[in-house]
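# Fold and geometry: a report
Below, each chain spelled out in residue letters.
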Amino acid sequence: TTHLNIEKIRADFPILQTTVYGRPLVYLDNGATTQKPRQVTEAISNYYDTYNANVHRGVHYLSQVATDAQEAARSKIARFINAKHDYEVIFTRGTTESVNLVAYSFCKQYLKAGDEVLISGMEHHSNLVPWQIACEDHGATLKVIPIDDKGELILEDLDQLLTARTRIVALTWVSNSLGTVNPVAEIITRAHARNIPVLLDAAQAIQHTHVDVQALDVDFLVFSGHKIYGPTGIGVLYGKEALLNAIPPYQGGGSMIKSVSFEKTTYADLPFKFEAGTPDVAGIIGLGAAIDYVNEIGLDNIIAAEHDLMTYAQQALSGIKGLRFIGDATHKAGTLSFLIDQVHPFDIGELLDKQGIAVRTGHHCCQPVMEHFHIPGTVRASFSFYNNKEDIDRLVAGVEKAAQMFV
Ligand code: PMP
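With an unreviewed UniProt entry as reference, the chain is termed Cysteine desulfurase, source organism Taibaiella chishuiensis. The record in UniProt for the chain states the following under Sequence similarities (unreviewed entry): "Belongs to the class-V pyridoxal-phosphate-dependent aminotransferase family. Csd subfamily." For the record of the chain, the UniProt heading Cofactor (unreviewed entry) holds the text "pyridoxal 5'-phosphate".

### As for the state of the cysteines
Overall, the coordinates contain zero disulfides when judged by the stated rule. You can see C107 has no disulfide; the closest cysteine sulfur is in C135, sitting 6.6 Å from it.

### A short note on the pattern of salt bridges
As enumerated under the stated definition, the model contains 15 salt bridges in all. Across the salt bridge formed by D159 and R190, the nearest N and O atoms sit 3.1 Å from each other. In this pair, D159 sits in helix α6 (residues 158-161) while R190 sits in helix α7 (residues 184-192), placing the two residues 31 residues apart along the sequence. Through salt bridges with shared partners, a single network forms among D12, R38 and E42.

### Regarding the sheet that holds strand β16 (residues 360-362)
Strand order in this open sheet of four strands is β13-β14-β17-β16, and the pairing throughout is antiparallel. The strands lining the two open edges of the sheet, one partner per strand, are β13 (323-325) and β16. Going from strand to strand, the sheet's axes swing by 30° on average, the running direction of each strand aside. Where β13 meets strand β14 (residues 335-340), three bridges bridge the pair, whose relative direction is antiparallel. Its bridge partner lying in β14, F325 is registered against F338.

Parameters at a glance
- Residues numbered from 1 in each chain as written.
- Predicted model: local features only at pLDDT ≥ 70, side-chain atom pairs only at ≥ 80, totals over all residues.
- Heavy atoms only, no water.
- UniProt positions renumbered as here; feature names shortened; annotations may be inferred.
- Disulfide = S-S within 2.5 Å.
- Salt bridge = Lys/Arg side-chain N within 4 Å of Asp/Glu carboxyl O.
- Helix = DSSP H or I, 4+ residues; strand = E, 2+ residues; numbered from the N terminus.
- Pairing = 2+ DSSP bridges.
- Axes fitted to C-alpha atoms, helices over the stretch in contact; angles between N-to-C directions.

This is the structure in structure tokens:
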């Protein structure tokens, strides 16, 4: 049970007062992006209004204030994921760019012809396509941990899939299309037993779970700010110091160098080696404010509230005739995917939209998952602690209406 004052929390999110087609908004597309509390937008406008300056190169006062604010945000994030060092937190544009960075730089260093990269059958395209490209570039093979009809990984074959040629495992912690929570600690242990590093896509985990990179001993972990109440355009790559030092830079430019001549450039120390160009200072400060906000509410309270919402929604939706859940994993977080008989998910989504209910329909950037279930897509309701039971009651009423119309 939750100890949150939901009405007070909802007042922090101005958008929750919005109406859509004349109906109060029901926002259940949190898996795509989360809404932002005033505390985050105010931190961003305060930066632009009172201390906007470029970072790390200015010798003037405002530049120092902006630099301090950026680095304070880095520390907050490092503490939030329990990184050993602040400089193991690299700022990127998001999960997608973080994966591309590792797929490029790690593979440039370590992936050779005949080697293998292991992903899973439930990856978001952004943790699949970059590895496919790297494998093509280096003559390596992409291998896949299969999924079963519950939407869980089939781990019986993992020890066969982890071979002497496997250079890295890249795996989603929580599936964005099904909500499955994967047993990542176990998989990391089994990969490490063979000295294979692991990258975790925490895009759908960071806002729903305690993340402790040292306890997990994970090698790389990536996520997007916008899925944890921060702004778009900012994301994080966590990497172990030794690995980040061992791989080459991703982009060249200003800020990532120690010295430059036409003959030879030497690179800056971590984290700046991977942060070429002017960073998204406002985005970093906004993400820092989002982490403060989550800490203030308390991740345990958030997890408990979301668990209650999921349970309530699961029970209420399962009473609808013809409705079936896609993915029935034992451990789920944040997301429910479903279909009604033969009704196309787009039709359900459109009908819900007309009632002011925002869900996502389609393949959710996981076409191989849809292929596994032989479906064109799903209706996905994804929850945040600021949702309330009324949101779910309206969802259920909307889905019931759709079921009556189309079946
Ligand atoms: N991985 C997962 C599991 C996701 O849910 C998402 C966002 N839907 C991404 C990666 C990509 O994140 P972004 O678009 O913010 O880079």
